[in-house]
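Per-entry structural report
The chain contents come next:
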Amino acid sequence: MQKAYKETGMNDIFETIKQVAFEIDTAIKTSDLGYSDSENSSGEDQLKLDVQSDIIIEKAFANVASVKALVSEEKEGVLELSETGKYTVCYDPLDGSSLVNVNLSVGSIFGIYEGELEGKNLVASAYVVYGPRVELVIATRDSKPMLSRVIAGKFKEIGEIFMNEKGKLNASGGTQQNWSDYHKAFIDSLFAEGYRLRYSGGMVPDLHQIMLKGGGLFSYPGTTDKPNGKLRQLFEVIPFALMYEQAGGEAINNKGMRLLELLPAHPHDTSPCFFGSKYEITALRKAYGIKA
Ligand code: AHM
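Reading guide: rules and limits
- Residues numbered from 1 in each chain as written.
- Predicted model: local features only at pLDDT ≥ 70, side-chain atom pairs only at ≥ 80, totals over all residues.
- Heavy atoms only, no water.
- Helix = DSSP H or I, 4+ residues; strand = E, 2+ residues; numbered from the N terminus.
- Rg over C-alpha atoms; globule rule 2.2 N^0.38 Å.
- Buried < 20%, exposed > 50% of the residue type's maximum accessible area, 1.4 Å probe, protein only.
- Contact = heavy atoms within 4.5 Å.
- Areas by Shrake-Rupley, 256 points an atom, 1.4 Å probe, with all protein chains shown as cover.
- Lys, Arg positive; Asp, Glu negative; His and termini not counted.
- Charge placed at Lys NZ, Arg CZ, Asp CG, Glu CD.
- Pairing = 2+ DSSP bridges.
- Domains from an automatic or database assignment.
- Buried area = accessible area lost by both parts, 1.4 Å probe.
- Salt bridge = Lys/Arg side-chain N within 4 Å of Asp/Glu carboxyl O.
- Phe/Tyr/Trp six-rings, centres within 6.5 Å; stacked < 30°, edge-to-face > 60°.
- Disulfide = S-S within 2.5 Å.
- Near = heavy atom within 4 Å.
- Polar contact = N/O pair within 3.5 Å; in protein donor to acceptor, adjacent residues only side chain to side chain.
- Nonpolar A, V, L, I, M, F, W, Y, C, P; charged D, E, K, R; others polar.

Here we look at the overall build of the chain
The secondary structure content of the chain amounts to seven helices and 13 strands. Taken over the C-alpha trace, the chain has a radius of gyration of 19 Å; the compact-globule value for 292 residues is 19 Å, and the two agree within 12%. Counting every position in the chain, which comprises 292 residues, the buried fraction comes to 53%. Considering only contacts in the chain between residues 6 or more positions apart, those separated by 24 or more positions represent 59%. Total accessible area on the chain stands at roughly 13300 Å², and carbon and sulfur atoms take up 49% of it. Across the chain, the mean location of the 31 positive side-chain charges is 9 Å away from that of the 39 negative side-chain charges.

Here it is in structure tokens:
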């Protein structure tokens, strides 16, 4: 057990994440699949699964003393909870929620910040994968990502996640016709080296697979239609950057800046992002003309 896990305020946050993981998993498995504009059998409005998940998380954190505020992918702005709280929890309650309707894995992502909402103030992150199994990964600034899995109704620690120097998987996001020529050439060069395509369209299972299988590259570049990419800095990009760095990989933007140094101007700002093992990120720097 590392230092941050023992700290009570942080531990309360991790325990709350475990609790909401069970509730969201139940909602995914039992709701009317989030057909948002329909009514359910009793005539009540059906809430989309991502909105339901947001409500579950907001309620669960409302009484956690160490939480100062919440910032959700589902809401504009900051929801202040307690003046005496130490941490702001920024979260995407159900990332890739449209994939539920085709029965692919989805996830929740949490970034725990102390102080201003910027990369350097992220102290811990966590994500939950809702798939054939429910898994949770937690990383802190001084611990490797720890994988836990639900076994017999409880989260059990399985082990720390380590990435190899070089992987075999290539997950490349965004609309290909809108990629830059140099990005396309780089992605093609990885396939020419023998990398295999793995991309579900859910960043949680896609990034999880790369970490658990030892390495590779996940990219969501800036494109002509989305120059700043699609993935949000506070809830998606920065929390996964901590995971990858702590697992022994790297996470940078298109200019070579560590994603853990991003400074979002607005809670919903996005950033081009690249997560990978050291080999692939070194190759990316070369392809993008970034000096090491
Ligand atoms: P969402 O906010 O609509 O759920 O979209 C987020 C998802 C990520 O999980 C995934 O990496 C990305 O969108 C996929 O986008 P694309 O289809 O453009 O590659």
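A word on the pairing of strand β4 (residues 106-113)
With eight of eight residues buried, β4 is to be regarded as a mostly interior element. Relative to β4, strand β3 (residues 87-95) runs antiparallel, the two sharing six bridges. Bridge pairing in β4 places Val89 opposite Ile112. Across eight bridges, the pairing between β4 and strand β5 (residues 122-130) is antiparallel. Bridged to Phe110 within β5 is Ala126.

Comments concerning the side chain of Asn121
Looking at where Asn121 falls in the secondary structure, it is placed in the loop between β4 and β5. Each residue touching Asn121, except ones within four places of it in the same chain, is listed here: Ile112, Tyr113, Glu114, Gly115 and Glu116.

What to know about the domain arrangement of the chain
The domain architecture assigned to the chain consists of domain 1 (8-160) and domain 2 (169-288). Listed per partner, the contact involves 40 residues of domain 1 and 29 residues of domain 2. Counting the surface lost from both domain 1 and domain 2, the interface buries some 2600 Å², and carbon and sulfur atoms represent 66% of this. Contact with domain 2 buries surface across domain 1, with Glu73, Ile109 and Tyr127 losing the most and accounting together for 21% of the total. In this structure, the connection of domain 1 to domain 2 is made through one salt bridge. Glu73 serves as the salt-bridge partner of Arg232, at 2.4 Å between the closest nitrogen and oxygen. If you list the elements that add at least two residues to the side of domain 1 that touches domain 2, you get β1 (67-72), β3, β4, β5, β6 (134-140) and β7 (143-151). Per-element accounting of the side of domain 1 that touches domain 2 gives the leading share, eight residues, to β5.

Considerations on the packing of aromatic side chains
By the definition in use, this model includes eight aromatic pairs. With a centroid separation of 4.7 Å and 35° between ring planes, the pair formed by Tyr127 and Phe240 is classed as tilted. With Tyr127 in strand β5 and Phe240 in helix α6 (residues 233-246), this residue pair connects regions lying 113 residues apart in the sequence. By the burial criterion, Tyr127 is buried, and Phe240 matches it. With 4.9 Å between their ring centres and 90° between their planes, Tyr182 and Tyr288 make a pair best called edge-to-face. A residue pair is termed long-range when its members are at least 10 positions apart, and Tyr182 in helix α4 (residues 181-192) and Tyr288 in the segment after α7 (278-287) qualify at 106 residues. A residue is classified by how much of its surface remains accessible, and Tyr288, at 15% relative accessible area, is buried. An aromatic cluster is present here, built from Tyr199, Phe218, Tyr244 and Phe275 joined pairwise through their rings.

Let's talk about helix α5 (residues 203-212)
Counting buried positions along α5 yields eight of ten residues, so the element is predominantly enclosed. Inspection of α5 places Met203, Val204, Pro205, Asp206, Leu207, His208, Ile210 and Met211 among the buried residues, and these make up the whole buried set.

Quick notes on the state of the cysteines
Using the criterion set out here, one finds zero disulfides in the structure. Cys273 forms no disulfide, and the closest cysteine sulfur to it belongs to Cys90, at a distance of 16 Å.

Here's the deal with the site of the ligand
Taken together, 14 residues lie around the ligand, and Asp95, Gly96, Tyr199, Met203 and Tyr220 are the ones closest in. Gly96 places a polar main-chain atom, nitrogen or oxygen, 2.8 Å from an oxygen atom of the ligand. Between an oxygen atom of the ligand and a side-chain N or O atom of Tyr220, the distance comes to 2.6 Å. Within the complex, the protein chains bury 74% of what would otherwise be the 470 Å² of accessible surface of the ligand. Of the residues assigned to the shell around the ligand, the class counts are five nonpolar, six polar and three charged.

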